[in-house]
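Summary of structural features
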Amino acid sequence: MDHLSTHSRPLGIFTTEIPWTSHIPTGAKETLVVYCSDKRGTIAIPELVSKLGIAHFFAIAIPGPTLAFMHVERKGYMRIYSYVVRECAKFLIHKAHIEEVVLIHHDDCRWKQEHGMDTHEHNDIQLADTWFKRFLPQIGRRYFLMHPDEQGMVAFKELPSTP
Ligand SMILES: [Zn+2]
């Protein structure tokens, strides 16, 4: 019996319905969305982004992204992790003329648990907000907490950024 699933069969060339352009298409307002790799997020976040009126966006999807931006001293590889994620954000924000960043996090993040982080939602965001305000003061900042609502649906609660 063929052990390969349908998804792992070689595809050859697959052509999408999306036209290729030699330049990156520009939007009304360039946005960078930073979120956790968690599949629950990757399923639901396009719906949030669409609700925000953003047609296309730049993305950083990485486990526990809020931790990378929290303005606290890191050691060992967590220091490297923070450095790399922050440099990626700076690169995109400068090169792609990003005007607004949308940062989404969730409390039951495995990456956070794995690294012994026990922080509250507002503390996470406030610490990340401090970094964005200090190093990228020119961009707009929107923050969301992804959580289950009373009906068990994925919900996003907007959290305040500091002025
Ligand atoms: Zn996570």
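Coordinates for the structure precede this section.
If you're wondering where the values come from, they're calculated on a predicted model, not measured in any experiment.

It is worth spelling out the sheet that holds strand β3 (residues 100-106) at this point. Taken in spatial order, the five strands of this open sheet run β2-β1-β3-β4-β5, and their pairing is mixed. The open sheet has two edge strands with one neighbour each: β2 (58-61) and β5 (154-159). Neighbour-to-neighbour, the strand axes of this sheet turn through a mean angle of 20°, independent of strand direction. The pairing of strand β1 (residues 31-35) with β3 spans four bridges and is classified as parallel. Note on β3: the bridge partner recorded for V34 is L103. Sheet contacts for helix α1 (residues 39-51): β1, β2, β3, β4 (140-148) and β5; angle to β1, the most-contacted strand, approximately 150°.

Counting residues in each nonpolar core, the largest one holds 27 residues, and the members touching the most others are L32, V33, V34, V101, L103, I104 and F144. Breaking this core down by element, the ones donating at least two residues are β1, α1, α2 (65-69), α3 (76-95), β3, α5 (121-135) and β4. Excluding residues within four positions of it along the chain, V101 makes contact with L32, V34, F132, I139 and R141.

Below, the discussion takes up the environment of A89. Locating A89 in the fold gives a position in helix α3. Along the backbone, A89 and V33 are 56 residues apart, and their C-alpha atoms lie at a distance of 9.8 Å. Residue contacts for A89: discarding those within four places in its chain leaves L32, V34 and I60.

Moving on, we come to the pairing of β2. Two strands pair when backbone bridges link them, and β1 and β2 are joined in this way by four bridges, in the parallel orientation. When the bridges of β2 are listed, Y35 appears paired with A61. Each parallel crossover has a hand, and for β1 linked through α1 to β2 it is right-handed.

Let us now look at unusual backbone geometry. The phi dihedral of H97 is positive, around 55°, even though this residue is not glycine. With respect to the secondary-structure elements, H97 resides in the loop between α3 and β3. Judged by C-beta crowding, with 11 C-beta atoms within 10 Å, H97 ranks as exposed.

Each value, and the rule that gives it
- Residues numbered from 1 in each chain as written.
- Predicted model: local features only at pLDDT ≥ 70, side-chain atom pairs only at ≥ 80, totals over all residues.
- Pairing = 2+ DSSP bridges.
- Helix = DSSP H or I, 4+ residues; strand = E, 2+ residues; numbered from the N terminus.
- Axes fitted to C-alpha atoms, helices over the stretch in contact; angles between N-to-C directions.
- Contact = placed C-beta atoms within 7 Å.
- Core = buried A, V, L, I, M, F, W, Y, C linked by C-beta atoms within 7 Å.
- Buried ≥ 20, exposed ≤ 12 C-beta atoms within 10 Å, placed from the backbone.
- Right-handed = clockwise from strand over helix to strand, strands pointing away.

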